[in-house]
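Below, each chain spelled out in residue letters.
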Amino acid sequence: MDSADEADTTAADRQHRADSTATAPPSDALQPGGELPHAIRTELPGNALAASAARGFAHAVLDRWGVRGTCAEDTVLLVSELVTNAVVHAGTSVEVECRYAAGVVYAEVADRHPARRVAAHGEEGHGLRLVGALAKEWGISYRRDRKAVWFQLGPAPHALPADEDEPGTIASHCPPGERLPGVSAYGEFPPLEFPAPSGTPAPCEFPPGGAGPGAACPGEAPAAPSDGYREWTGNGALSFLAEASDLLAGHTDEDKVASLAGQLMVPRFADWCAVWLRDDERSRVPRLARVWHAQESRIEELRAELAGQPPVPAAGVLPGQASPWCRPGEASDGTPQGASVLCELVVGGRPVGALVIGRAGLLRIPDEVLGLVEDFARRVALAVLSARRYALQANISQILQRGLLPREKMHVPGLDTALVYEPAGEGAWAGGDFYDLLRLPDGRWRFALGDVCGNGPEAAVVTGLARPVLRLLAREGHSVPETLDRLNREVGEQARFLSVVYGELSFRDGLVDCTLTCAGHPLPLVRDAAGTVWTPARPQLLLGIAQQVSYECQSFTLRPGDTLLCVTDGVTERRSGRRLFDDGDGLAARFAACTGLDAAATAEHLRRAVYAFAPDLPADDLAMLVLRVPEPAEAVLDG
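A brief structural summary. The structure displayed is predicted, hence computed values, not measured ones.

**Things to note about the overall build of the chain**
A tally of regular secondary structure across the chain gives 15 helices and 23 strands. Split into buried and exposed, the 639 residues of the chain put 48% on the buried side. Taking the intrachain contacts of the chain between residues at least 6 apart in sequence as the baseline, contacts between residues at least 24 apart amount to 66%. As displayed, the chain offers around 29,800 Å² of accessible surface, 52% of which is attributable to carbon and sulfur atoms.

What follows is the structure, given as structure tokens:
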């Protein structure tokens, strides 16, 4: 046999051995007499044969245990889907484990890639969706070197016992700490390996004459956690905290932050979670923002129980420190309801709320979980504070917008008027573009469309100066050029630049006489009734460039069917690659194509053309003012 044949034979042998391992339980797991133990696991290669091998393994194990019918079929289906999910998304070998006791089937599928998250809904495969639909309980656990998805099927959700003396068995699936007799646990803690508790400690009680509902209830010191649990909280918890930081940082509403905090904790670490938020500027009484429970039908019941009792940390508990807490219901009837933990949400020494989690079936939460809760609470507190700051800035921006722009309806009697004003960016700071229409005592109208160079609060200062000065000078009787001469000196003192189209309209016998000045602004356009477009103004210097400047005005007449268009550079300089929207008189061409449209339709047509010019959203403010003289027939209809 040559070397090539030998290599092929060796590879075939390896594949045959892997397939044999995948389709049957390990031989050393068999008990004397040919019976299987209560728990058995096998490892499958991360290839296309893994799912088929997992189905064969699950069939063989369940059949020998006498598990048949719907429970067996569901188990085989879920194991197959989870193994497929692990092979596709993790690409490592897969470990499958099955347990059976008291009519309950427990199965776990683990891979060796803990950093790769489990594929969620909407992604390839249906593993998690099927698990959520069929399993009585299920969850995901992380360790330093593995990630596992587990589920339980059967009549009771209690933990499965394990016999450490039997080959192939592992310890029961429950968190470190004692369970209360007869109380079942919901949700999920990472599966850990630790000895079963030797006894059941006394339930948590209030001290004689002590605190009432909502007060902290210090329990006994928790037992030392196992090495496996300490390993998870030292390594796998980092992945959870990193994921939580990313998710929390993406929200700008504090109530959504509170809601997300509850969903992150339940059911991974707790059966239920409640978040109170406190804003001393509004009220010193914390409000119950969100309540989350692993059983959604119990959310309203839990909310009613917690609503009237804001949590109060015990004396001696430091800000931001997690400590045991007793639910109000425990004080009324003395019935223990499991372990609960309270942790204040603190940022810079100032409390912004409180986080409480609870888990049924435990008397106390392990110290490692307390540390994890504290780290998580700090991230929630920072997210709440960031959301409040964002809301404050957005509110200031809206107030400034309302103060810097005219409150009157933008309409000139006798003209068809339309306005487009869209500041760039979500929650954009007031500033940039501005507009105005002002009726003078003698029946004339002044109009303005301007753009302050720059953005942010500095631009808002000039915007807040320009419109009141234009109005004041117009009411005092200054002409269009004189008004801009005076405004130029005021803007220069602010060390800012301002471009503006400023004009005056007067009506006579169905015609509109227009006088305007264009100071450093995109030139206005006029389109007559026949569709011809022309420029009625000459370009002049920006306001604020030089103090000693005399501005000039140009006059023309708008006839029935004529339309005047004024825009800011957010329109003309809209960029797509190296091209600008107004290259080759692009604006004039699109304006000409609007012949026959009224002012509102013209503005909307041009607005859509600006957005369609480039795939990304506009980076600059967008403003357009359209003034059209209606045809005689239109004027009669309007009348």
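Continuing now.
**A short note on the packing of helix 6 (residues 254–265) against helix 9 (residues 367–404)**
Contact geometry of helix 6 with helix 9 gives a least axis separation of 8 Å together with a crossing angle of 160°. Classified by the angle between their axes, helix 6 and helix 9 sit roughly antiparallel to one another. Of the two elements, helix 6 crosses helix 9, and the hand of that crossing is right-handed. Taken together, the residues of helix 9 that come into contact with helix 6 (itself represented by Glu-254, Val-257, Ala-261, Leu-264 and Met-265) are Val-373, Phe-376, Val-380, Ala-383, Val-384, Ala-387 and Arg-388. The residue makeup of the contact of helix 6 with helix 9, split by class, is ten nonpolar, no polar and two charged.

**Re the nonpolar core**
By size, the foremost hydrophobic cluster in this structure holds 49 residues, and its most contacted members are Phe-447 and Leu-564. If you tally residues by element for this core, the top one is helix 10 (residues 457–475), at eight residues. When neighbours within four sequence positions are excluded, Leu-564 is seen to be in contact with Phe-447, Cys-514, Pro-524, Leu-525, Val-526, Phe-556, Leu-558, Leu-625, Val-626 and Leu-627. Of all hydrophobic cores here, the second largest spans 40 residues; its members include Leu-277, Leu-345, Val-369 and Val-373.

**Structural notes on the environment of Gly-414**
Looking at the secondary structure, you find Gly-414 in the loop between helix 9 and strand 11 (416–422). As a C-alpha pair, Gly-414 and Gly-510 span 96 residues in sequence and 8.8 Å in three-dimensional space. Leave out the neighbours within four places in its chain, and Gly-414 touches Phe-507 and Pro-630.

**So, the packing of helix 2 (residues 50–65) against helix 3 (residues 70–89)**
Across the interface, helix 2 lies against helix 3 with an axial gap of 9 Å and an inter-helix angle of 150°. In this view, helix 2 runs roughly antiparallel relative to helix 3, as classed from their interaxial angle. In this structure, helix 2 crosses over helix 3, and the sense of that crossing is right-handed. For the pair formed by helix 2 and helix 3, the contact residues are Ala-50, Ala-51, Ala-54, Arg-55, Ala-58, His-59 and Leu-62 on the first element and Ala-72, Thr-75, Val-76, Val-79, Ser-80, Val-83, Thr-84 and Val-87 on the second. Of the residues assigned to the contact of helix 2 with helix 3, the class counts are ten nonpolar, four polar and one charged.

**Some words on the packing of aromatic side chains**
For any two aromatic rings, the description comes down to two numbers: the centre-to-centre distance and the angle of the planes. Under the defined criterion, the tally for this structure stands at six aromatic pairs. Between Trp-65 and Tyr-100, the aromatic rings sit 6.1 Å apart at their centres with planes inclined by 20°, giving stacked as the arrangement. Pair noted here: Trp-65 is in helix 2 and Tyr-100 is in strand 2 (residues 94–101), with a separation of 35 residues, a long-range link. Overall, the relative accessible area of 24% leaves Tyr-100 in the partly exposed class. Here the aromatic rings of Trp-276 and Trp-325 are separated by 6.5 Å at their centres, their planes lie at 65°, and the arrangement is edge-to-face. One end of the pair, Trp-276, is in strand 6 (residues 272–279); the other, Trp-325, is in the loop between strand 8 (323–324) and helix 8 (328–333), with 49 residues separating them in the sequence.

**Re the sheet that holds strand 2**
In spatial order, the strands read 1-2-3-5-4; together these five strands make up an open sheet with antiparallel pairing. Every other strand in the sheet has two partners, leaving strand 1 (39–44) and strand 4 (137–142) as the edge strands with one partner each. The mean angle between the axes of side-by-side strands here comes to 15°, regardless of whether they run parallel or antiparallel. The sheet contact formed by strand 2 and strand 3 (residues 104–111) spans eight bridges and is antiparallel. Bridged to Val-96 within strand 3 is Val-109. Against the sheet, helix 2 contacts strand 1, strand 2 and strand 3, and its axis sits at roughly 165° relative to strand 1.

**Re the pairing of strand 4**
Two faces belong to every sheet, and in a regular strand the side chains alternate between them. Counting buried positions along strand 4 yields five of six residues, so the element is predominantly enclosed. Judged from the six bridges that link them, strand 4 and strand 5 (residues 147–153) form a sheet pairing that is antiparallel. Each residue of the ladder has a partner; that of Ser-141, found in strand 5, is Ala-148. The antiparallel pairing of strand 4 with strand 5 creates a hairpin that spans four residues between the two strands.

**As for the environment of Pro-618**
Here Pro-618 lies in the loop between helix 14 (599–612) and strand 23 (622–628). Along the sequence, Pro-618 and Glu-573 sit 45 residues apart, while their C-alpha atoms lie 9.9 Å from each other. Not counting residues within four places of it along the chain, the set of residues in contact with Pro-618 comprises Ala-424, Arg-574 and Tyr-611.

**Here's the deal with the pattern of salt bridges**
Overall, the coordinates contain 24 salt bridges when judged by the stated rule. Residues Asp-63 and Arg-68 are paired through a salt bridge, measuring 3.3 Å at the closest nitrogen-oxygen approach. Asp-63 gets classed as partly exposed once you look at its relative accessible area, which sits at 42%. With a closest N to O distance of 3.4 Å, Glu-95 and Arg-146 form a salt bridge. With a gap of 51 residues between them, Glu-95 in strand 2 and Arg-146 in the loop between strand 4 and strand 5 connect regions that are remote in the sequence. Judged by relative accessible area, Glu-95 falls into the buried class, the value being 16%. If you follow the salt bridges from partner to partner, you end up with Arg-41, Glu-95, Glu-97, Arg-99, Glu-108, Arg-112 and Arg-146 in one network.

**As for the sheet that holds strand 8**
Pairing within the open sheet is antiparallel, and its five strands lie in the order 7-6-10-9-8. Each edge of the open sheet carries a strand with a single partner, namely strand 7 (283–293) and strand 8. Along the sheet face, helix 6 touches strand 6, strand 7 and strand 10 (350–359) and points at about 40° away from the line of strand 7. Sheet strands in contact with helix 9 are strand 6, strand 9 (339–347) and strand 10, and its direction is about 40° off that of strand 9.

**A word on helix 2**
Spanning 16 residues, helix 2 covers 22 Å between terminal C-alpha atoms, matching the ideal 22 Å at 1.5 Å per step. Turning to helix 2, its buried residues number three or more, namely Ala-50, Ala-51, Ala-53, Ala-54, Phe-57, Ala-58, Val-61, Leu-62 and Trp-65. Mapping the buried residues of helix 2 onto a view down its axis gives an arc of 160°, with all of them on the same face. Immediately downstream of helix 2, the backbone of Gly-66 shows phi near 80°, a positive value.

**Observations concerning helix 7 (residues 299–306)**
Among all positions in helix 7, only Ile-299, Leu-302 and Leu-306 are buried. In a view along the axis of helix 7, the buried residues occupy a sector of 70°, so they form one face of it. Looking at helix 7, the residues exposed on the side facing more than 90 degrees away from the buried face are Glu-300 and Ala-304.

Conventions adopted
- Residues numbered from 1 in each chain as written.
- Predicted model: local features only at pLDDT ≥ 70, side-chain atom pairs only at ≥ 80, totals over all residues.
- Heavy atoms only, no water.
- Helix = DSSP H or I, 4+ residues; strand = E, 2+ residues; numbered from the N terminus.
- Buried < 20%, exposed > 50% of the residue type's maximum accessible area, 1.4 Å probe, protein only.
- Contact = heavy atoms within 4.5 Å.
- Areas by Shrake-Rupley, 256 points an atom, 1.4 Å probe, with all protein chains shown as cover.
- Axes fitted to C-alpha atoms, helices over the stretch in contact; angles between N-to-C directions.
- Parallel < 35°, antiparallel > 145°, perpendicular 65-115°, else oblique.
- Left-handed = near helix turned anticlockwise from the far one by under 90°.
- Nonpolar A, V, L, I, M, F, W, Y, C, P; charged D, E, K, R; others polar.
- Core = buried A, V, L, I, M, F, W, Y, C linked by side-chain atoms within 4.5 Å.
- Phe/Tyr/Trp six-rings, centres within 6.5 Å; stacked < 30°, edge-to-face > 60°.
- Pairing = 2+ DSSP bridges.
- Salt bridge = Lys/Arg side-chain N within 4 Å of Asp/Glu carboxyl O.
- Expected span 1.5 Å × (residues − 1).
- Arc of directions from axis to C-beta.

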